[in-house]
Amino acid sequence: MKINLDEAINILKNGELVIFPTETVYGLGGNANNEKTIKKIYQLKNRPSINPIICHFKNINEIEKNFFLANKAYDLATKFFPGPLTLILEKKKSSKISPIVSNNNRFVGCRIPSHFIAQKLLNAVNFPIAAPSANLSSKLSPTMISHISESLLKNAYFIDGGKSLYGLESTVVKIDENSAKILRLGSITFEEIKKIIPNTTIDNLKTKLISPGQLIKHYSPDKPIRINVDYVDADEALLNFGLNNLKSNILELNLSINNNLEEASRNFYDYLHIIDKSKCKRIAIAPIPNTDLGKTINDRLKRASSIK
Ligand code: TXA
Ligand code: MG
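Residues numbered from 1 in each chain as written. Chains lettered and ligands numbered in written order. Predicted model: local features only at pLDDT ≥ 70, side-chain atom pairs only at ≥ 80, totals over all residues. Heavy atoms only, no water.

Caption draft 1: Local environment of the site of ligand 1. Taken together, 25 residues surround ligand 1, and among them Thr24, Arg47, His56, Ser133 and Ser170 come closest. Contacts to ligand 1 include His56, whose side-chain N or O atom sits 2.7 Å from an oxygen atom. Take Arg111: an N or O atom from its side chain is 2.8 Å from an oxygen atom of ligand 1. Burial of ligand 1 by the surrounding chains reaches 96%, relative to a free accessible area of 680 Å². With four residues, the single largest contributor to the shell around ligand 1 is strand S6 (residues 107-111). Residues belonging to the shell around ligand 1 are distributed by class as follows: twelve nonpolar, nine polar and four charged. (Near = heavy atom within 4 Å. Polar contact = N/O pair within 3.5 Å; in protein donor to acceptor, adjacent residues only side chain to side chain. Areas by Shrake-Rupley, 256 points an atom, 1.4 Å probe, with all protein chains shown as cover. Helix = DSSP H or I, 4+ residues; strand = E, 2+ residues; numbered from the N terminus. Nonpolar A, V, L, I, M, F, W, Y, C, P; charged D, E, K, R; others polar.)

In structure tokens, the structure reads:
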């Protein structure tokens, strides 16, 4: 059911779930200190309990009440918060955050969203909001309310905040002394993190999983996809990028005619959602440059095209 901000605040205080906009994608959120609430999130998303959930805070002070935030992690926090970064931080013993947000692990994903609606919610309640992306497990993230599955919309209240500004999820980073590991590429690029921490590596396609967002089959449409195409089959719709000779008989959407990766990121999930609902049998995807945000887009495409 669609609700306004005041209603959302009361619903969150009552331990219920609210779908709300962030600058990256929509989140399905609830009181991070309330175990029953967190269980509802896992249930509704059909999410395995080993896949930890990010906690959202209103400011760095609130993070520091619950977590150790020092040195390089602090540098990243002051540079990118509020914004599309998630830091994996060690929880303090005194924290009231439910252990099941992180499958009893003491390391928890923390983020300060910049979206004004997310900020208003966080400032009105006196608890962090645990929120994964508001999609069913392994499916496409939503950047608009119309992308969200019926089953989630039926069972949760939602605030409509229009289309997300960035359109790709936050970048998940874990600090080890003086080095940083990117566990999930996102809206902040590898290059931007590297400027703050030169010793940064991308560690998101390993067989030994630290972050289940590293699970190979993830972020996927219902229809099979084929990436880096140089031709389009008759039964395929086309997700294009830039100007080229590719053509589809069924449907073509261009992420950015001007080769702009920020524009492509903003359109990425929206266009995949539209194409997935079209009458094509499969989805052909044009090559996307593997730099900056293109790395994040290609990471999502690799997982979406995986058969595992
Ligand atoms: O942009 C975003 O991050 C959105 C908005 C709603 O904030 N949220 C989001 O949450 O994408 P979710 O749950 O769909 O993805 C969180 C990613 C997953 O890959 C998860 O495995 C990883 O972060 N993650 C969360 N907590 C973690 C932890 N304690 N250790 C390692 N990875 C963690
Ligand atoms: Mg997700």
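Further notes follow.
Caption draft 2: The packing of aromatic side chains, seen in detail. Counted by the stated rule, this structure contains two aromatic pairs. Judged by centre distance (5.9 Å) and plane angle (90°), the ring pair of Phe57 and Phe67 falls under edge-to-face. Here the residue Phe57 occupies a position in the loop between strand S3 (55-56) and helix H3 (60-66), and Phe67 occupies one in strand S4 (residues 67-68), the gap between them amounting to ten residues. For the pair shown, Phe57 and Phe67 are each scored as buried. Taken together, a centroid distance of 5.2 Å and an interplanar angle of 55° make the contact between Phe268 and Tyr269 tilted. Comparing Phe268 with Tyr269, the two get one shared label, buried. Directly above the aromatic system of Phe68 lies the positively charged group of Lys92, at a separation of 5.6 Å from the ring centroid. Just above the ring of Tyr219 sits the side chain of Arg300; from NZ or CZ to the centre is 4.6 Å. (Phe/Tyr/Trp six-rings, centres within 6.5 Å; stacked < 30°, edge-to-face > 60°. Buried < 20%, exposed > 50% of the residue type's maximum accessible area, 1.4 Å probe, protein only. Lys NZ or Arg CZ within 6 Å of the ring centre and 35° of its normal.)

Caption draft 3: Spotlight on helix H1 (residues 5-13). What H1 keeps buried is the set Ala8, Ile9, Ile11 and Leu12. For H1, the angular spread of the buried residues around the axis is 165°, confining them to a single face. On the buried face of H1, the contacting elements are strand S1 (18-20), strand S2 (27-31), helix H5 (116-124), strand S7 (129-130) and strand S8 (157-158). Here H1 starts with a cap whose side-chain oxygen sits 3.2 Å from the backbone nitrogen of Asp6, and that cap is Asn4. Gly15 sits one or two positions beyond H1 and adopts a positive phi of about 85°. (Arc of directions from axis to C-beta. Contact = heavy atoms within 4.5 Å.)

Caption draft 4: Spatial organisation of the environment of Pro84. With respect to the element layout, Pro84 can be found in the loop between helix H4 (71-80) and strand S5 (85-91). You can call Pro84 buried: its relative accessible area is 5%. On a C-alpha basis, the gap between Pro84 and Ile202 in space is 17 Å, while along the polypeptide they are 118 residues apart. When residues no more than four places from it in sequence are discounted, the contact partners of Pro84 are Glu23, Thr24, Arg111, Tyr166, Ser170, Thr171, Ser187 and Ile188.

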